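Working through the structure, step by step
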Amino acid sequence: MTSVDSRTYAIDRAVEPVRWLFRWGSLAMLIAMVSLPFIQVVSREIFATPIIGVEELARFMLICAVFLALPYVISAGANIRMEEIVSMLPGGVVRAAKIFGAIAATATFAAITLASFVAIGGNLDNSTPTLGIPYWIFLGAACVSFAMSTLECAIQTAKAIQGRPLYVSFPQEHEPEDELDLPDEMKH
């Protein structure tokens, strides 16, 4: 898997603030998803007053965490692929497979975005039983995620056509340039 710094190409620099929102948003949802059941257990077991709807809210946070993380997974190339098998093929076939795969992924996510948008329209009056969270909020998270995933796949399509590396890494993910001052037994 070849990836480049997210600041290398103009399109990646332009999309990076949105990617940043998705990445940190998914982290916030993950923290909330883990914290809510903990708060519920403490409230129920220590104070003997359970909070109504916490389980439903935790499920909502799980759904949002997954949807918000999806575009990040796609842009970083962390999704499941058959890259090892494809890399054994001749160069021209690999390039064609990358282009075809990126086009197919773009079309698929565009169709799913449209389907989730249509589902929002059909569920405007529905809501969850306990907290009354409107279904359009759940479906809205899916729609926004799939729209961003469509954009990420379209960017990868353009990069595949240009012969550029498809995936990005973020500055925060890079190894430090300076060697860490570790004891000798911890150095490799």
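It should be emphasised that the depicted structure is a prediction, and the values quoted were computed from it without experimental measurement.

Cut-offs applied
- Residues numbered from 1 in each chain as written.
- Predicted model: local features only at pLDDT ≥ 70, side-chain atom pairs only at ≥ 80, totals over all residues.
- Heavy atoms only, no water.
- Helix = DSSP H or I, 4+ residues; strand = E, 2+ residues; numbered from the N terminus.
- Buried < 20%, exposed > 50% of the residue type's maximum accessible area, 1.4 Å probe, protein only.
- Contact = heavy atoms within 4.5 Å.
- Areas by Shrake-Rupley, 256 points an atom, 1.4 Å probe, with all protein chains shown as cover.
- Lys, Arg positive; Asp, Glu negative; His and termini not counted.
- Charge placed at Lys NZ, Arg CZ, Asp CG, Glu CD.
- Phe/Tyr/Trp six-rings, centres within 6.5 Å; stacked < 30°, edge-to-face > 60°.

Considerations on the overall build of the protein chain
In terms of helices and strands, the protein chain carries five helices and two strands. Along the protein chain, from the amino end to the carboxyl end, the secondary structure elements read β-α-α-α-α-α-β. Dimensions of the protein chain, computed from C-alpha atoms along their principal axes, come out at roughly 65 × 55 × 30 Å. When the 188 residues of the protein chain are sorted by exposure, 34% land in the buried category. The contacts in the protein chain between residues at least 6 apart in sequence include a share of 73% that link residues at least 24 apart. For the protein chain, the exposed area adds up to about 11,700 Å²; of that, 69% sits on carbon and sulfur atoms. Of the side-chain charges in the protein chain, 12 are positive and 18 negative, and the distance between the mean point of each set is 9 Å.

Looking at the packing of aromatic side chains
A complete count under the given rule lists five aromatic pairs for this structure. Each ring, one from Trp-20 and one from Trp-24, has its centre 6.2 Å from the other, and the planes form 50°; the classification is tilted. Residue Trp-20 and its partner Trp-24 are both found in helix H1 (residues 10-45); the two are separated by four residues, about one turn of the helix. Residue Trp-20 is classed as partly exposed on the basis of its relative accessible area of 44%. With centroids separated by 6.3 Å and ring planes inclined at 70°, the aromatic side chains of Tyr-135 and Phe-138 adopt a geometry described as edge-to-face. One end of the pair, Tyr-135, and the other, Phe-138, are both in helix H5 (residues 135-162), three residues apart, so they sit about a helical turn from each other. Relative accessible area serves as the criterion here: at 14%, Phe-138 is assigned to the buried category. A connected cluster of aromatic rings, assembled from ring pairs, spans Phe-60, Tyr-135 and Phe-138.

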